[in-house]
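Chain and residue survey
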Amino acid sequence: MDIVLASGSPRRRELLERAQLDFTILSVDIDETPLDNESPTDYIERMVETKANAAIQQLSDTSQADHDSLTSPFMILTSDTIGVLSDGKTVLVKPVDREHAYSMWQRMSDNVHEVWTAVQATQVQLLTKAEPSKAKPTQCLQIINQQRITERTEVTFIPLTTQMMSDYWNSGEPADKAGGYGIQGLGATWVSRINGSYTNVVGLPLAQTLALIKEMTEGSMDTVNPL
Ligand SMILES: Cc1cn([C@H]2C[C@H](O)[C@@H](COP(=O)(O)OP(=O)(O)OP(=O)(O)O)O2)c(=O)[nH]c1=O
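Residues numbered from 1 in each chain as written. Predicted model: local features only at pLDDT ≥ 70, side-chain atom pairs only at ≥ 80, totals over all residues. Heavy atoms only, no water.

**A closer look at the site of the ligand**
Close contacts around the ligand come from 20 residues, with Ser7, Gly8, Arg12, Lys51 and Lys94 the closest. Gly8 places a main-chain nitrogen or oxygen 2.7 Å from an oxygen atom of the ligand. Among the secondary structure elements, those contributing two or more residues to the shell around the ligand are helix 1 (10-18), strand 3 (74-84) and helix 6 (198-202). Class assignment for the residues of the shell around the ligand results in five nonpolar, seven polar and eight charged. (Near = heavy atom within 4 Å. Polar contact = N/O pair within 3.5 Å; in protein donor to acceptor, adjacent residues only side chain to side chain. Helix = DSSP H or I, 4+ residues; strand = E, 2+ residues; numbered from the N terminus. Nonpolar A, V, L, I, M, F, W, Y, C, P; charged D, E, K, R; others polar.)

**Focus on the environment of Gln123**
Assignment of secondary structure puts Gln123 in strand 5 (residues 112-129). Gln123 gets classed as buried once you look at its relative accessible area, which sits at 9%. Measuring from C-alpha to C-alpha, the distance between Gln123 and Ile149 comes to 15 Å, with 26 residues separating the pair along the chain. Apart from the residues lying within four places of it in its own chain, the contact partners of Gln123 are Met1, Phe74, Met75, Gln142, Ile143, Ile144, Asn145 and Met216. (Buried < 20%, exposed > 50% of the residue type's maximum accessible area, 1.4 Å probe, protein only. Contact = heavy atoms within 4.5 Å.)

**Observations concerning the pattern of salt bridges**
Between side chains of opposite charge, pairing is possible as soon as their charged atoms come close. Tallied over the entire structure, the rule returns nine salt bridges. In this structure, Asp87 and Arg107 form a salt bridge, with 3.8 Å as the shortest nitrogen-oxygen distance. On the criterion of sequence distance, the pair formed by Asp87 in the loop between strand 3 and strand 4 (91-92) and Arg107 in helix 4 (residues 98-108) is long-range, its members being 20 residues apart. Assessed through its relative accessible area of 38%, Asp87 is described here as partly exposed. A salt bridge links Lys177 to Asp176, with the shortest nitrogen-to-oxygen separation between them at 3.0 Å. In this structure, a network of salt bridges that share partners links the residues Arg11, Asp176 and Lys177. (Salt bridge = Lys/Arg side-chain N within 4 Å of Asp/Glu carboxyl O.)

**A look at the pairing of strand 5**
As paired strands, strand 3 and strand 5 are joined by 11 bridges and run antiparallel to one another. When the sheet's bridge partners are listed, Asp80 is paired in strand 5 with Ala118. Across 18 bridges, the pairing between strand 5 and strand 6 (residues 138-157) is antiparallel. Each residue of the ladder has a partner; that of Lys129, found in strand 6, is Thr138. (Pairing = 2+ DSSP bridges.)

In structure tokens, the structure reads:
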């Protein structure tokens, strides 16, 4: 089944490429601001669903030629990664500025936090309707199946000094990453221990995502939580 990875994240693309799957990329842009008092679970589930809906909208708006490159039904993969502080309530997203990054890092310093990544697989089919009033048939995408997983990894940070935070912010690495760090880069120097999937921290729990894809295409897996 054709797969569309609806993500602008180069990390997700690279991780999925490692699995030697054929897929196409569609970049979606949504508002990722958490709502007041939104729980980590509600936030991350809202994000993967909103990204999937944005992808469907974008694919519906494209021309017939774009649709022709995908065989119906096909699968849209969306993903979202957040940090969650040890209080279990505070969501760590991408830092909006230096102060925001420092405020997150001060609470992560010498402490354990979790990284959660949700992945949603949305299977859609192309419907073509002939309308007498229109010269060309109209087309729309219909959701036929949706499944979602959330993977959690515990990450422990060493104690951080103001100098370390300043140097790291100036490296430019933290800006587009949840919790303001990249474990695959310089951020690894802050991580003393992880417990769980490494690829989950980078943005796509690979083994679990492949199992989800398999379940959706072949129809058998134990670990999937239906929506
Ligand atoms: C914690 C951590 C996060 N990240 C990244 C993964 C995600 O790309 C990003 C969190 O933001 P997301 O909103 O999950 O993803 P994104 O905006 O980069 O891409 P998309 O188009 O799919 O929405 O943080 C790392 O690369 N390394 C890390 O160690």
